[in-house]
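Architecture at a glance
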Amino acid sequence: MAVASPLPGSVRRRRIRWREHAVGYAFLAPWLVGFFAFVAGPMAASALLAFTDYNVILPPRWVGLSNFQALAQDQRFYLSLYNTAYYTFLGVPAQLAVALALALLLNTRVRFADAFRSAYYIPTVAPVVASIYLWVWMFNYDYGLINALVRLIGLAPVQWLWDPQVTKISIIIFSLTRVGTQMIIFLAGLQGVPDELYESAAIDGANGWQRFRSITVPMISPLLFLNLVLGIISSFQVFTVAYIATKGGPVDSTLFYVLYLYHHGFQNFRMGFASAMAWILFAIIMLFKIVQFRMSRYWVYYESGTSGAGPRASR
Amino acid sequence: MARTKGLWEAVVGDIEAANPNVKIETVIIPFDDFEPKIMAGLAGKNLGDLVDVHPVHAFTFAMRGALVDLNPYMKDLGIPDADFTPAWKYNFWKGKYWAVPRSDNPTVLLYNKKMTLEAGLPDPYELYKQGKWDLAAVDKMMQGLSKGEGDKRVYGSTPLGNNTLRLQCVWIWGAGGDIWNPDETEATFASEAALKAWDYMASYTKNKWAPTPAEMNIPGGSVALMGQRRLVSDLSGAQFVLGGQAQFLPEDVQKEMHIVAFYKLWNGKNEVRNATNAQGIYPGTKYRDEAWKAQAVTLSEKTQQRIITARWTSPLRKSWLKSEMWTKSLDPNFEGPEMWEDAVMGVRYFSHLPRYVEIDRIVQTSFQAVLLGQKGIKESIGDAKAQVDKILKDVGEEAKSSPFLK
Amino acid sequence: MKVGLGTREVEVRRPFLSAAWWDRQRKVLRLALIYGALTLGAIVSLVPLYWLVLTSLRPTGGEFTYPPQWIPSSLHFENYAYVFDRAPFLTYTRNSVFVTVVATIGTLISGSLAAYAFARLRFIGRDVWFAVMLSTLMLPYAVTMIPEFLLFRILGWLDSLWPLVVPYWFGGGAFNIFLMRQFFLTLPTEMEDAARVDGAGPFRIYLQIVMPLSGPALASVVVFSFIHHWNDFLAPLIYTNSPGQRTLALGLRYFADEQITQFNYTMAASTLMLVPVLILFFVANRYFVRGIATSGLAGR
């Protein structure tokens, strides 16, 4: 990144001296060491394992591309990708919508803001396994709360965890209760939007919805982007709820990618195969991120020259 | 293990008393999480000396050298051949013993006697004594007990075979079929006879005599339902029934429970399977002999007496079936020694072939399609057989070339 | 409405139907709706917590009734005593505290150093390393688990708490580094420039100017890191064997066995574990929200 010649105008980039490189790496050193020692090694090992047949009891045996070939012909591989894509592309927008709605609600000037915020964050920090059991219970066809409410309205009860058409939706519903982190991020963003913008828009005659669309959304778009990025990365790796609540069924309707990977890696003793699956996932996510970052310049608005001058958290 | 902690400590005490140079260190793994732990242990080759192997993995481990061949040691136990109960064979494969049981748990039926009688049905135990405890009687019982709608629903039974092949095999046997052929080279669970069994098992869910598999995945399982009298009967191994479920039911419900041997199926027999707790020796250990001696102590009369008293096993030796230590432990209101003898000796061998977990998952997914009415039985189970046959071929080849099975 | 009476203007209040009155009513209604929605949402959110505590107070075998019994018939506080008695809680807590505190400190130090480098320093390959760091979030844990385990075995750290702590002293978690970097980017550069002119080296600027201004971001990292380490059970499961090394999260799972999980005890232990997290969140949430706000994730 060394630019030698001075540029016209007020921006001058000076050559980066070797010492600056050294300093940069000195600061980065602890992370770098950790990366090479604890991350890069295992990552490289798992990349190598993807080309082996490794049943964990006996040493790995090189098999070249056959894991990938087997995957290409595996019906359940494609099914698990479909299930995961379904969950991600339906679930993430739903989660963000819910998180944003809650954040908007929490952004109003009310007393006990701390208490309300903590209350809304609680489901996210409640132990996930306990929450899953609660929801399995609530989704029970005969005795569950959800069907009791459904019957009350006069509709037919639903087999939330047994009807293959519905199971993924049930899991998405469960995920909507754990949007605490996204909510907090949105809340922070909302609080960073200057009041003056809203006031002047109101004076100009903009109504609530117009203000939301033209001010709120652009101003928080970087956070929307952040939540989208993180949301997609984590949704692609959905595992625990399927592992405990539905075990991938019925008829593989909730067989998500990482669950399928887990089956092969930890229950079928096929670690090489599982590693191949993991790297395919990695590649897919990478691809998404690159596309996402490229597209972001069209809709994400960064306030240039933000000095971060003081938070607006006085509400 | 929290419940059996006291018992385990006593067993460890016995072992250490008999072998003063041995100190037992137990590593307990919570059941839901044992997979990552086992994998890590295998990869790192530090699985300890004695390994409590789950039956679904035992033969996979054996084929790949993670268990010691115990044949040379078996004579040390001093048990005459005729005295072994069938349960011992559950850890026997390709001519060798790979693990040794701590407990013997044949399948029996736990049922709520009071509810059965109140529904105007005969008591299964009486029927059993009269030799009339068979499929027809069970059907009548299920019919009469499964009723109600919504949150008043009562189920006669848990899903037959509890969604796993190693339990479902029982009905397939009863219909005259088998899971694999004697060579273990081909899956036979799609034969005409077996299909009859599958159809029968599916009918429970279809008739709503049993909850769907999803509903059985509830917290607390069948115990919770039984405790609220929403489930009348459950088939389970002895230790789960006596040492487990029965103890966890509310007291008033406990008093209503009774046990009976498994019922006679179409072939007139009541063969059952067994769920032994067994441990094997890990080859990476430096202390094979000591590990064996520890196991031997677990099988001694004194230690078995403890386990029997804690109701975690039925007798592991034929001669103990009539012994006082066993008969004294039975609840006189409730259990007859003849019935237990029937159960213990009626155990039939089910081979948990290597890659059983993979195989099971394929079969269960196909069975679910049947339960959901998506596919016909012949098509679905036939489809599963095709996939499983491929796996069995691979397993056969691996077993043939495995140095550990020679 | 003002009515002129001689030289004084008197405001006559018309109780109904004046524009001002409607305006007030609208405001009140709006506020009521908001409080109403908030409270409703809060109740729904608190349901899991209520259920957690309720289940922890039920008798063994009676934890799950069908249909669910939301008002308990009896409360069994002795479950908590049982949990303390059966499980070596002191040991577990000591281990959990050790891991959480030490790992968090390590994350703060090594993570902030890296974040500062990514934010403020210029050096060759900086953006590449940043992308690499982000990419570490994308690989499922399941897959690096075994190689990592083998690594720690070679190092001889098995059956100890070191694998849970040491990696965090060498760059603790990509998410935290990302967060801190974004925050640093929003700090005004004037102070740093002034210090540089005065001859301060980058380390002094980092330590004496940037870090003190970063309270909110660091608070966020503390909360996230705390929650992660406190609740993590998979890593302790794999790396520790002896009971003396177990953490709370792992110890919890010992009330489960093959057939039956003793849910009431498990929930009691879970509730106990949840308390510190809740306290931390309640106390830190203002810093927390400000931290992310001013991390100008709204703005590069």
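Cut-offs and rules
Residues numbered from 1 in each chain as written. Chains lettered and ligands numbered in written order. Predicted model: local features only at pLDDT ≥ 70, side-chain atom pairs only at ≥ 80, totals over all residues. Heavy atoms only, no water. Helix = DSSP H or I, 4+ residues; strand = E, 2+ residues; numbered from the N terminus. Buried < 20%, exposed > 50% of the residue type's maximum accessible area, 1.4 Å probe, protein only. Contact = heavy atoms within 4.5 Å. Pairing = 2+ DSSP bridges. Axes fitted to C-alpha atoms, helices over the stretch in contact; angles between N-to-C directions. Domains from an automatic or database assignment. Buried area = accessible area lost by both parts, 1.4 Å probe. Salt bridge = Lys/Arg side-chain N within 4 Å of Asp/Glu carboxyl O. Polar contact = N/O pair within 3.5 Å; in protein donor to acceptor, adjacent residues only side chain to side chain. Nonpolar A, V, L, I, M, F, W, Y, C, P; charged D, E, K, R; others polar. Parallel < 35°, antiparallel > 145°, perpendicular 65-115°, else oblique. Left-handed = near helix turned anticlockwise from the far one by under 90°. Expected span 1.5 Å × (residues − 1). Phe/Tyr/Trp six-rings, centres within 6.5 Å; stacked < 30°, edge-to-face > 60°. Lys NZ or Arg CZ within 6 Å of the ring centre and 35° of its normal.

Quick look at the overall build of chain C now. A count of helical and extended segments in chain C gives 13 helices and 2 strands. Relative to its full complement of 300 residues, chain C shows a buried share of 52%. Nonlocal contacts in chain C, meaning residues at least 24 apart in sequence, comprise 72% of its contacts between residues at least 6 apart.

Bringing the sheet that holds strand β6 (residues 155–157) of chain B into the picture now. Residues and elements named next belong to chain B. In spatial order, the strands read β6-β7-β5-β8; together these 4 strands make up an open sheet with mixed pairing. Of all strands in the sheet, those with a lone pairing partner are β6 and β8 (257–261), marking the two edges. With direction set aside, neighbouring strand axes in the sheet form an average angle of 25°. With 5 bridges connecting them, strand β5 (residues 107–112) and strand β7 (residues 231–237) associate as antiparallel partners. Across the sheet, the residue bridging to Val108 is Ser236, located in β7. The sheet strands contacting helix α17 (residues 337–345) are β5 and β8, and the helix crosses β8 at an angle near 50°.

Let's shift gears to helix α5 (residues 128–138) of chain A. Of all the 11 residues making up α5 of chain A, 10 are buried; the element is thus mostly covered by neighbouring parts of the structure. Listed in full, the buried residues belonging to α5 of chain A are Val129, Ala130, Ser131, Ile132, Tyr133, Leu134, Trp135, Val136, Trp137 and Met138 of chain A.

A few words now on the environment of Phe404 of chain B. With respect to the helices, strands and loops of the structure, Phe404 of chain B is situated in the segment after α19 (377–401). The exposure class assigned to Phe404 of chain B is partly exposed, which follows from its relative accessible area of 35%. Along the chain, Phe404 of chain B and Val68 of chain B lie 336 residues apart, while their C-alpha atoms are 8.7 Å from each other. Residues in contact with Phe404 of chain B, not counting those within four places in the same chain, are Leu58 of chain A together with Ala62, Met63, Arg64, Gly65, Lys96 and Trp98 of chain B.

Let us now look at the environment of Asp151 of chain B. Locating Asp151 of chain B in the fold gives a position in the loop between α7 (135–145) and β6. For the pair Asp151 of chain B and Arg230 of chain B, spaced 79 residues apart in sequence, the C-alpha to C-alpha distance is 9.2 Å.

Right, let's get into the domain arrangement of chain C. Residues and elements named next belong to chain C. The domain boundaries assigned to chain C delineate domain 1 (2–56) and domain 2 (79–299). Listed per partner, the contact involves 6 residues of domain 1 and 10 residues of domain 2. Summed over both sides, the interface between domain 1 and domain 2 buries roughly 580 Å², with carbon and sulfur atoms accounting for 74% of that surface. One can count 0 salt bridges joining domain 1 with domain 2. There are 2 residue pairs in polar contact (both at pLDDT 80 or more) connecting domain 1 and domain 2. Split by residue class, the side of domain 1 that touches domain 2 holds 4 nonpolar, 2 polar and no charged.

Right, let's talk about the interface of chain C and chain A for a bit. At the junction of the two partners, chain C supplies 89 residues and chain A supplies 86 residues. Interface of chain C and chain A: buried area, both sides summed, is about 8,000 Å²; carbon and sulfur atoms make up 79% of it. When the buried surface of chain C facing chain A is broken down by residue, Leu38, Arg122 and Met138 of chain C rank first, second and third, together holding 10% of it. The interface formed by chain C and chain A holds 0 salt bridges in total.

Residues and elements named next belong to chain A. In the contact formed by helix α9 (residues 195–203) and helix α10 (residues 208–236), the axes pass within 10 Å of each other and the chain directions differ by 160°. It follows that α9 is roughly antiparallel to α10 by the angle criterion. Crossing hand, α9 versus α10: right-handed. Seen from α9, the contacting residues are Leu197, Tyr198, Ala201 and Ala202; seen from α10, they are Arg211, Ile215, Thr216 and Met219. Here the contact of α9 with α10 is composed, by residue class, of 6 nonpolar, 1 polar and 1 charged.

What follows is about the interface of chain B and chain A. Across the contact, 38 residues belong to chain B and 34 residues belong to chain A. Residues Arg270 of chain A and Glu358 of chain B are paired through a salt bridge, measuring 3.8 Å at the closest nitrogen-oxygen approach. Run the count over chain B and chain A and you get 4 residue pairs in polar contact (both at pLDDT 80 or more). Elements supplying a minimum of two residues to the side of chain B that touches chain A: α2 (34–44), α3 (55–63), α10 (213–216) and α18 (356–371) of chain B.

Moving on, we get to the sheet that holds strand β4 (residues 100–103) of chain B. All names here are of chain B. Strand order in the open sheet formed by 3 strands is β1-β9-β4, and the pairing between neighbours is antiparallel. Looking at which strands have only one partner, the edges of the open sheet turn out to be β1 (50–53) and β4. This sheet shows a mean twist of 35° between the axes of neighbouring strands, independent of strand direction. Taken together, the 3 bridges between β4 and strand β9 (residues 277–281) define a ladder with antiparallel strand orientation.

What follows deals with helix α7 (residues 174–186) of chain C. All names here are of chain C. Between the first and last C-alpha of α7 there are 19 Å, a value that for 13 residues agrees with the 18 Å anticipated at 1.5 Å per step. Within α7, 11 of the 13 residues are buried, which leaves it mostly tucked inside the rest of the structure. Looking only at α7, the buried set comprises Ala174, Asn176, Ile177, Phe178, Leu179, Met180, Arg181, Gln182, Phe183, Phe184 and Thr186.

Glancing now at unusual backbone geometry. Residue and element names in this part refer to chain B. In this structure, Asn162 is a non-glycine residue whose phi angle is positive, near 40°. Along the chain, Asn162 falls in the loop between β6 and α8 (165–174). Even without being a glycine, Arg355 presents a positive backbone phi close to 65°. Here Arg355 lies in the loop between α17 and α18.

Looking now at the packing of aromatic side chains. Counting across every chain of the model gives 58 aromatic pairs over all chains. Ring centres of Phe38 of chain A and Phe152 of chain C lie 5.7 Å apart, and the angle between their planes is 25°; on these two criteria the pair is classed as stacked. Note that Phe38 of chain A is positioned in helix α1 (residues 18–49) and Phe152 of chain C in helix α5 (residues 141–155), a pairing that runs across two chains. The residues Phe38 of chain A and Phe152 of chain C share a single accessibility class, namely buried. In textbook terms, an aromatic cluster arises when at least three aromatic residues are bridged by ring pairs, as seen for Trp31, Phe35 and Phe36 of chain A together with Phe118, Trp129, Phe130 and Phe178 of chain C. A cation over an aromatic ring shows up here: Lys168 of chain A above the ring of Tyr86 of chain A, its NZ or CZ 5.1 Å from the ring centre. One Lys or Arg, Arg181 of chain C, reaches over the ring of Phe130 of chain C and ends 4.0 Å from the middle of that ring.

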